[in-house]
Amino acid sequence: MKKFAWFWLVVPLVAGCKKSDDSNGSNAPAEDTAGGEPDSDADADADADADADADVDTAAILSVHSGAGHSCALTLEGEVLCWGNNEEGQLDAPQGPWLGVDAGGVQTCGMRANGSLECWSVVPNGVADAPEGIFRSISSGKMHSCAIDREQNLMCWGADNQGQSSVPEATTYSMVAAGSFHTCGVRTDGITQCWGQDNGDGRLSPPTSGHVQLSAGVAHTCGLDSAGTPSCWGGNEFGESTPPGLALTRITAGGQHTCGLTGDGVASCWGRNHRGQSDPPPGRYTSISAGQAHTCAVNLSSAVVCWGENQFGQASPPSTGTGESVDTGAIDTGFGASLP
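Residues numbered from 1 in each chain as written. Predicted model: local features only at pLDDT ≥ 70, side-chain atom pairs only at ≥ 80, totals over all residues. Heavy atoms only, no water.

Description of the sheet that holds strand 5 (residues 98-103)
Spatially, 5-6-7 is the arrangement adopted by the three strands of the open sheet, whose pairing is antiparallel. Edge positions in the sheet fall to strand 5 and strand 7 (117-120), since each of these pairs with one other strand and no more. Sheet twist, expressed as the average angle between the axes of neighbouring strands with direction ignored, equals 20°. Sheet topology note: the strand 5/strand 6 (residues 108-112) ladder contains five bridges and is antiparallel. (Pairing = 2+ DSSP bridges. Helix = DSSP H or I, 4+ residues; strand = E, 2+ residues; numbered from the N terminus. Axes fitted to C-alpha atoms, helices over the stretch in contact; angles between N-to-C directions.)

Some details on unusual backbone geometry
With an omega of 10°, the peptide bond running from G96 to P97 counts as cis. Although it is not a glycine, N125 adopts a positive phi angle of roughly 65°. Here N125 shows up in the loop between strand 7 and strand 8 (135-140). What makes N125 exposed here is its relative accessible area of 64%. Of note, Q152 is a non-glycine position whose phi angle comes to about 70°, a positive value. (Buried < 20%, exposed > 50% of the residue type's maximum accessible area, 1.4 Å probe, protein only.)

Section: the pattern of salt bridges
Within this structure, the stated rule accounts for five salt bridges. As a salt-bridge pair, R150 and E151 come within 3.4 Å of each other at their nearest N and O atoms. A relative accessible area of 56% places R150 in the exposed class. Since its relative accessible area comes to 48%, E151 is described here as partly exposed. As a salt-bridge pair, R203 and D201 come within 2.7 Å of each other at their nearest N and O atoms. When its relative accessible area of 3% is taken as the criterion, R203 is described as buried. (Salt bridge = Lys/Arg side-chain N within 4 Å of Asp/Glu carboxyl O.)

Some thoughts on the sheet that holds strand 13 (residues 192-196)
The antiparallel open sheet is built from three strands, whose spatial order is 11-12-13. Each end of this open sheet is capped by a strand with a single partner; those strands are strand 11 (173-178) and strand 13. On average, each strand axis in the sheet is inclined to that of its neighbour by 20°, with strand direction left out of account.

What to know about the packing of aromatic side chains
Applying the stated criterion across every chain yields a total of three aromatic pairs. Taking the centre distance of 5.3 Å and the plane angle of 50° together, the rings of W98 and W120 count as tilted. Of this pair, W98 sits in strand 5 while W120 sits in strand 7; the two residues are 22 residues apart in sequence, bridging distant segments of the chain. Per residue, the accessibility class of W98 equals that of W120, and both read buried. A cation sits over an aromatic face here: R112 above W98, 3.8 Å from the ring centre. (Phe/Tyr/Trp six-rings, centres within 6.5 Å; stacked < 30°, edge-to-face > 60°. Lys NZ or Arg CZ within 6 Å of the ring centre and 35° of its normal.)

With respect to the pairing of strand 14 (residues 213-216)
Side chains Q213 and S215 project from strand 14 onto one buried face, and the interleaved L214 and A216 project onto a second face that is buried too. Two elements, strand 14 and strand 15 (residues 220-224), share four bridges in a ladder whose sense is antiparallel. Note on strand 15: the bridge partner recorded for L214 is G223. Where strand 14 folds back onto strand 15 in an antiparallel hairpin, the turn is made up of three residues.

Here we look at the state of the cysteines
Tallying each qualifying case throughout the model produces seven disulfides. Through a disulfide, C296 is tied to C306; the S-S separation comes to 2.1 Å. Measuring handedness by torsion sign, the sulfur bridge of C296 and C306 sits at about 105° and is right-handed. Placement of the pair is C296 in strand 21 (residues 294-299) and C306 in strand 22 (residues 304-308), with a sequence separation of ten residues. For C306, a relative accessible area of 0% puts it in the buried group. (Disulfide = S-S within 2.5 Å.)

Section: the side chain of S66
Within the fold, S66 resides in strand 2 (residues 61-66). The exposure class of S66 is buried, given its relative accessible area of 0%. Here S71 takes part through its side chain, which lies 3.5 Å from a polar atom of the side chain of S66. (Polar contact = N/O pair within 3.5 Å; in protein donor to acceptor, adjacent residues only side chain to side chain.)

Notes on the environment of L81
Note on placement: L81 falls in strand 4 (residues 80-84). For the pair L81 and P318, spaced 237 residues apart in the sequence, the C-alpha separation amounts to 8.4 Å. The residues contacting L81, other than those within four sequence positions of it, are I61, S71, C72, A73, T75 and T320. (Contact = heavy atoms within 4.5 Å.)

Topic: the confidence of the model for the protein chain
For the protein chain, per-residue confidence averages 82 on the pLDDT scale, and 77% of positions sit at 70 or higher. Note on residues 323-340: pLDDT under 50 across the span, and 144 contacts to partners over four residues away in sequence or across chains. (pLDDT = per-residue confidence, 0-100.)

Focus on the pairing of strand 3 (residues 70-75)
Looking down a regular strand, the side chains alternate between one sheet face and the other. With six of its six residues buried, strand 3 lies for the most part within the structure. Here strand 3 shows no split at all, with H70, C72 and L74 on one side and S71, A73 and T75 on the other all buried. Judged from the five bridges that link them, strand 2 and strand 3 form a sheet pairing that is antiparallel. By the bridge assignment, V64 is partnered in strand 3 with A73. Linking strand 2 to strand 3, which pair antiparallel, is a turn of three residues. Bridging between strand 3 and strand 4 involves five bridges; their strand directions are antiparallel. Residue pairing for strand 4: C72 is matched across the bridge by C82.

Rendered as structure tokens:
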């Protein structure tokens, strides 16, 4: 199998609960703070689906992955499409086919069908120096990335100034999520463990284990258990670590917001909303990924929809899928994710 993951993930959308902006126009940095109650209006859903099925007939999108100021999508044919900030070469994806991709802060990394890894970025200090081997999953943070190989050994590379790439010894992992300056993983014994920067906000202290999904943001991490119950820990200034009482099928931690998908594909976001990153448009989704201050999702027409900050065009996806891609972005974006 997702927005800083470094921030990064994918999910089907349902209308979500939302935090309102604070007095100076900013909102909590966390998962979804989408507005309103879940959409129960059948007519509204039908209209939204009809609009989504409208115009464009191009590459079908399998998943989307949001980074700090850019986003990337994986097509059904295994190609990677990226848009947004390209100051570090993070949009310059090599030709596919790819099995998975994840967008980080200054880099993007992908996994090919044979399990080999490649990262693209002009930033030095090993940010793009993916290890050799055969891997099963990958996650990119702000300036580091981590991957799990077929023997379930975890390897991290890139920045390690806060210990974010210093994997604990003598254990194996089933899942990993790279955040801004910290990393969390689920060990093969089911224990969730975190390492890296610790500002005393609890980002290295998961309250529970048994996660089947994991996504790390700038200073918080969120996971889902087998029942779809979300739990978050770490920074919570904007409520990003306070999920709504919803069962989710996907969860993704961004800069200071978090988003998830319900079983019927409705998106819910909570946390900071100063750029509209926690206001998902109506619709139903199959994948979702929270970036630094933007969020992207894939709708039922296999088209990418983004909202939030758009300074670098990170919330302005190309037209994709069998319907018309909608740009609802206002300004710029996020981090973290795992493979589809």
